[in-house]
Every structure is written in C-alpha cells, then in structure tokens.
Amino acid sequence: MHLPSGTSSVWIYLFFVLLESHWDVVSAQLSYSVAEEVNLGTVVGNIAKDLNLNVQDLESRMFQVVAGSKRKYFEVNLRSGVLYVNERIDREELCGDEPKCSLNVEAVINNPLKLYRIEIIILDVNDNNPSFPSTSQVMNISENTAAGAKFPLHQAHDADVGKNTVNTYKLSQNEHFSLDVHKGESVTPELVLTKVLDREKQPVIRLTLTAIDGGTPAKSGSMTIIVNVLDINDNSPVFSQSLYKASVYENVKIGTSIITVNATDSDAGQNGEVFYSFSDVGRGKKTDLFAIDAKTGTITNTKNINFEENNAFEIRVQASDGASSPLTSHAKLLIEVLDVNDNAPEISVTSLLSTVKEDASIGTAIALVSVFDRDGGQNGLVHSQVSNQVPFKLESNYKNYYSLVVDGPLDRERVSQYNISITAIDEGSPSLSSTSVINLHVSDVNDNKPLFTEGVINVYVKENSPVGAVIKTVSASDDDIDQSGQVTYSLLPSNTDSLPVTTMININSETGDLVSLQSFNYEELKTFRFQVQATDSGVPPLSSNVTVNVFILDENDNSPAILPPYSEHGSVNSESVPYSAEAGYFVAKIRAVDADSGYNALLSYHLSEPKGNNLFRIGTSTGEIRTKRRMSDNDLKTHPLLVLVSDNGEAPLSATVSIEVVVLESSADIQTQFRHVPIKDDSFSDLNLYLLVAIVSVSVIFLLSLITLIAVRCHRTDGAFSRYSAPMITTHPDGSWSYSKSTQQYDVCFSSDTLKSDVVVFPAPFPPVDAELISINGGDTFTRTQTLPTKEKVRVSYL
C-alpha cells in the first residue's frame, strides 16, 4: 500500500537515550517511525541534524548506515543528511503478528569513530482484510439443545496489528442464534442459541459471519456457517479439565508423548463412546506439528519442534461421542516449548579498513563486530574475544556490539598480514561457540634504512687496468617494499685534500657498480678511500653509508735503470785491475734501481764473459764485480764484460751495461781508485778531469742524503691510507741495507773489506708503516725501529 507523500504520511519523533556504557564509540540512540508500504525515497528524518553532525563532513568522514538485516531498507543522502526509505517495507513480512515492529540499524562515522544506534519503528497501515481459515464452518447441534448454549466459531485472522486488526464480528439476521463477542488479547466469536431448534421445521440453517477490523476505512471478511440440526443425543462428553498444560523440550524425537487428555460421556452404548480430535476452531499450521490418538487422547509430535520458531502452542481439543449425531465438548491445551542450547552464536563483521599501516596507533578501529544467539535465557548469553595471539582486541560498545581495535605495535617486515580469529561462546550447557576469521593486510611505511652486506669494503685493483672497468659492485638491501625498498647508490664527497673521488671512480646509481674513470699508477697512488651512500625512495628517504678502501696492486711495468757512473749498454765503460791482484779483488760495483715495488723491484746481477775466460764474478744482489783467481800470463790484457740487471717480476724486465776491464802490470800504474776510462798516455787528460768532478759530485750528494736521513729519523707520520706509504730501512744477508722513500725503496750496500765503498740502491715492495733499521756488518751492529717521513730526503751515516 502506498501512502500520500508529505509530512502527514510520515510520523517522526526523536529521543535520545544516554547509554550507561562508558564507551565513547556509542554516543546516542535515535528513534524514528515510518509507515509500511511508503514510497521509495520517503524521508524518515534528518539524521545529520538530529546527531548534530555537519553535512559537509558526512562524505569525508565516511558516514554510513550498517544494516541490521540482509536487506538494506534505509540509506542516507550524504549531501543533505536525510535518512530515506531504500526498499519496500512490509511490516507483516518483517514482524508477523508482533504488536511492535522495529528495525535496528547502526550509523558509523570516522575521525573520530562513533557508532549511533537507530531504532526505526514500522507503523502498521490497514492494508489487509480479515480472513477466516475456511470459507465455511459446519456445526451439528441437537434439536434438544437448550437455549443459551454457546458454540465456538472460527476466528478471523488479520495480518495487521493494533486497531487495524479484527475489532468485531457481525452475524446475519436469523431467529435462532445471536453472536457473543469476547474481547481480550484477541476478539473471539461464539454462536449463542437463543431459540430452541426444531429439526422438523428447519434441518439446516445457513448463517453469515462477518469479521470487521478497526482500520479507517474498515475492511471485512466473511464466512458461511452451516448448522445441521441433529436428532436427540442428550449427553455430551465432558473433559476432566477445561484447560490442560504441558511442556516439552525442543528437538525431541518425533512421536514423543506430550500429554493425554481425558473426557467421559454418561450415555450408554455407542452414544457413550468418546473419540478425540483437534478442533477445527483455531486450528492452523502450528497444530500440524502434533497429532492426537482418537481413542486414548494421547498427544504426540509429528514434526521437529523448534523453540526459536515457536515457544508456545495453544490447541483446542474436541471430544465427540459415538452417536450417529455425535455430541461434542471442547478443552484448551497449552504446550510450552523449553529451550535447548542448539544454536551457536552468529558473528557479523563490518570491515572499516581493508589494510592497516604498520605505524597505526593503539586503539585504531579496524572493524565493527556484532554477535547474536537465537537461543533464549542463559543459552543466549554470549561472550566474545580474539582467540589467537595477535596485536588486536575487541572493545565492547553496546551489549553484543564490539569494535576490533589495534592493541600492540605492528611490523610489516615481521608479519605482513594477520588472520584474526574472533570466537563467541554462549553460556549454555554444554556451551556452543563459533569463530569468524578476519584477514587483515599490513601496509608498509618507510621505517627501515638500506643496509650494506659489509661494514668496510676492500677493493684490490691492478695498476694500468683499463678505464671503464667495473672494479666492485656494492650492494645494500632494504626490508621495506615497493618504493620504500628501492635503493639508489651515490658517492659522498671526500673531506681530504687528495684528488676528488669523482675524478677516479663513478658509481651506477641503480646497480651499485663501481667503475674506474682512469688507469691507476701504483708508483703515483697506492691507496685511497671514499664512502658510498645507499638511499631508499621512501618519504622521507632513509640512507646508510659504507667505507670503500681501494688498494692499487703493483704490476711489473718498469725496467731496471743503471745508475751513474756507468751508462747502459752501448756506451764505453772502463775499469783497471793490477796484474798482481789477488782472488776477490774488487773491480767495480754496478748500481741500478727499479721504479716498481716488491718482487717486481728485487734486482739480481749476472755477468757474461768471453768463452774460456773465467776470471771475474759478480754478486747477484750487490752488483760487485770481483776477481775469481790470480792473473796468469795466458790471460788477456783487456776483458770485455757484459752485466745483465734483471728484476723478479712474473714477466721479468732487464737492462745491460758493458764494462771493459784493463789489466795493468803494476799497481803504480793505477792513478786513482775511482772508476775511469783507460787513457793512452800519462798526461792528465780532460776526460780524467770530468770523471773526477762527477765522482766528487756524487759523493757530496750522498753525504747530504745521509745528513738528511739522520735529521728525520725521529719524525713519524701516520695515516694508513695516505697517498704514499712511510719509508722503511731493511737489511740483507750480504751486509747491505735498503731504504724506501716515497714510491721507491733503495738498497744501500757498503763494503768494509775493500778500498771502495759505494751505495747500491734497490727498490722494495709496498712497506709497512713502521720499519726496523739493522746493520749487521761485523761489530757495527745496532737495532732501531724508526718510521721515516715520506717527503724528506735520506740521511745516511757510515758506521
């Protein structure tokens, strides 16, 4: 039925009920009323105004109506804030015969979260006609029935309630019967015999019973009453009780005996036999659950009895005698159904958030949970809780309404999703329970910075490596995901005075590949350090640093160089030896240096003589040329020697020098102990002068070097990763000692058993910071640990 639109068609009233609960989520309850069958879109009330809410905030605060049933009868216009009818409402379908019909819905608004309970009372309209269970009722009344006898009639049923239900009955005009209407919980008609019947005059009487409701306008329904006038059987069966009461548990086995009724008839013979049945008066579908034994009067159930569907039954029992025109009597039976805990609690979840951020604060609402148990009494009392170990809990809002909130810190990197089990247990015996699982995903926030796999990264690069080569790939991992877990790499600027690292190294920002921008020279740069920063793409971004130490490895790329006064192969070099020289006589000393380090700079000397001449030998590490034996008359006066100086690299490099040794008849012919080119006459030539000046110059330079060495012996410089390493002085078993300065290490060798003392310098490998200075020449032994500065000259003193 559709009512006219307008304010007169909708009754609205509002009242606020302050809850006794201490929870802020449920702040008030609204109550509205609306008639059934109103048009869709009919306004029920301005819910925003009644709740003191700003209409502009409804949409942003996610205001919504949570239906209490499967169908959503009402909805809210978020622009105007009015509550309107969304689906057709049929009060009879919703509530049946209940005198009060209402729908409970909840309204939810966020920021902050509040829950409003709304009760909407469905008002009845007179849209149903009264109707009888059948179109006619047949009654058998004996003709000797005394006036004043009453006979129950079928009650009319009206699906409407209140004043719209059956209000009265009317009987068609006749001379034998009148109508007696009883008003109580329901309006019951009874047929009253006002004049004794005469079967011979009128064996069948037809009457019309009309039921009228109290609606405006009133509606009615009618039934035909057929009265068969019977011949005399003057005693009717009499029940032992006019009202029987029984109780039975729901779900009892079909065929269970519930109660036995009893009636007696004073007549004899067939007229005294009693047969039991359910009266057609008031018989409905409810009585289909039961059956009565016609002879014994025992009532049993024929179907399953469910307390949740009907908790009580009212049945009229009829007793008839065995006469051809039987007499009947009636009794009322009330059956009470006792509840059994056969319904588990039902859990309904309304999710507010599909995901929750891992930095969500404690108390953040995730979902609304409602619990309902169809059982009654103690069996319907329910307790709910989160049953598994998760950082969430249920907070009670109102009765069996709860909010699922965050109860502990969340960490997506540890647990990315939760299966939250909510268990509801009733207080029945035995108790029943049900569980609902909520799947909740935890979203990521940028709370983890990238971490490198190593605390310090050491990289070893060979010198002369090609430009653009990948020398190392650094890697950092971030436990975050998506954009917060994407890592980029960069070089941090160096605070040192050395060359900017960006001129030597580049880094691929995505892969972390370290690429050389130049070819390194070990003799110029041995080591350097820089820092790599890994930054994620989160907001705000997080970063971490790692130190990278680059060590340049030496390659054998420098050949030995012959030091003056001797020139390399192709020049004239001459030495003289007296004919009387003994074995071991010192002839000359070859000095050479190698710019490489380590084994690449460890030099060895080798001598080549003409075949058949085995007069000279050379120290492989000192470069000293000495005689192996005394001279003989068969020896030549001139001996051409070829000295090969070779390093110890994997691919050894070498240099050669030629020396011509001239044998003199006497030692008087030797003009000087210094090396010289043989002369053809005794006069002091210009060549001798040049040689003398060169020797003196070398000696002065050597003395200045020794003085400088003594001055800086006590000076120490630190810095394990400076551009140049600290000098070091070491010794050799043949009596020589070496000095490493800047990029070179020199072996300085002394000879104490000859008239000549020269300095021979050998490069050495990459030295440590501290070195030990040892001289092992006879009794002149001393030990001293000294770190020498890297930029000072060498000072050497003879011991």
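These figures come from a predicted structure and were not determined experimentally. (Residues numbered from 1 in each chain as written. Predicted model: local features only at pLDDT ≥ 70, side-chain atom pairs only at ≥ 80, totals over all residues. Heavy atoms only, no water.)

1. Some points on the nonpolar core
In step 1: Membership of the largest hydrophobic core comes to 32 residues, with the highest contact counts inside it found for Val-34, Ile-47, Phe-74 and Leu-83.
In step 2: Within the residue set of this core, elements represented by two or more residues are β1 (26-35), α1 (47-50), β4 (74-76), β5 (82-85), β6 (102-109) and β7 (114-123).
In step 3: Here this core gets six residues from one element, more than from any other, and that element is β7. (Core = buried A, V, L, I, M, F, W, Y, C linked by side-chain atoms within 4.5 Å. Buried < 20%, exposed > 50% of the residue type's maximum accessible area, 1.4 Å probe, protein only. Helix = DSSP H or I, 4+ residues; strand = E, 2+ residues; numbered from the N terminus.)

2. Some words on the sheet that holds strand β42 (residues 574-578)
In step 1: Judged by pairing direction, the sheet is mixed, and its four strands sit side by side in the order β42-β49-β48-β45 without closing on themselves. Taken across any chain shown, the strands that pair with only one partner, and hence form the sheet edges, are β42 and β45 (604-608). When strand polarity is set aside, the average angle formed by the axes of neighbouring strands in this sheet is 30 degrees.
In step 2: Sheet topology note: the β45/strand β48 (residues 638-646) ladder contains five bridges and is antiparallel. Of the residues in β48, the one forming a bridge with Ser-608 is Leu-642. (Pairing = 2+ DSSP bridges. Axes fitted to C-alpha atoms, helices over the stretch in contact; angles between N-to-C directions.)

3. Considerations on a nonpolar patch on the surface
In step 1: Taken together, the side chains of Leu-692, Val-696, Val-700, Leu-704 and Ile-707 present a nonpolar region at the surface, about 440 Å² in accessible area.
In step 2: Here Val-700 lies in helix α3 (residues 686-711).
In step 3: On the basis of relative accessible area, Val-700 is assigned to the partly exposed category, the value being 43%. (Patch = residues over 30% accessible without salt bridge, like charges linked within 9 Å, V, L, I, M, F, W, Y side chains within 5 Å. Areas by Shrake-Rupley, 256 points an atom, 1.4 Å probe, with all protein chains shown as cover. Salt bridge = Lys/Arg side-chain N within 4 Å of Asp/Glu carboxyl O.)

4. Thoughts on the pairing of strand β28 (residues 392-398)
Side-chain positions along a regular strand alternate between the two faces of the sheet.
In step 1: Note that β28 and strand β29 (residues 401-406) share six bridges and pair antiparallel. In the sheet register, Tyr-398 faces β29, and the bridge partner there is Tyr-401.

5. Quick look at the confidence of the model for the protein
In step 1: On average, the protein scores 79 in pLDDT, and the residues at 70 or more come to 80%.
In step 2: Low pLDDT, under 50, characterises residues 671-683; the predicted model gives this stretch 25 contacts beyond four residues in sequence or across chains.
In step 3: Low confidence marks residues 716-799, where pLDDT is under 50. Its contacts with residues over four positions away, or in another chain, come to 252 contacts. (pLDDT = per-residue confidence, 0-100. Contact = heavy atoms within 4.5 Å.)

6. A closer look at the pattern of salt bridges
In step 1: Taken as a whole, this structure holds 18 salt bridges when the rule is applied.
In step 2: Salt-bridge contacts for Glu-119 lead to Lys-100; the nearest nitrogen and oxygen are separated by 3.4 Å. Residue Glu-119 is located in strand β7, and its partner Lys-100 is located in the loop between α2 (91-95) and β6; the two are separated by 19 residues in the primary sequence.
In step 3: Using a relative accessible area of 13% as the deciding quantity, one classes Glu-119 as buried.
In step 4: Taking the relative accessible area as the measure of exposure, Lys-100 reaches 51% and is therefore exposed.
In step 5: As a salt-bridge pair, Asp-635 and Arg-629 come within 3.0 Å of each other at their nearest N and O atoms.
In step 6: The partly exposed category is assigned to Arg-629, whose relative accessible area is 28%.
In step 7: Three or more residues joined by partner-sharing salt bridges are found here, namely Glu-37, Arg-88 and Asp-90.

7. Observations regarding the sheet that holds strand β38 (residues 513-516)
In step 1: Spatial ordering of the open sheet is given by β34-β38-β37, a layout of three strands whose pairing is antiparallel. The open sheet terminates on both sides in strands that have one partner only, identified here as β34 (470-473) and β37 (505-507). On average, each strand axis in the sheet is inclined to that of its neighbour by 25 degrees, with strand direction left out of account.
In step 2: Judged from the three bridges that link them, β34 and β38 form a sheet pairing that is antiparallel. Residue pairing in the sheet places Thr-473 in a bridge with Asp-513 of β38.

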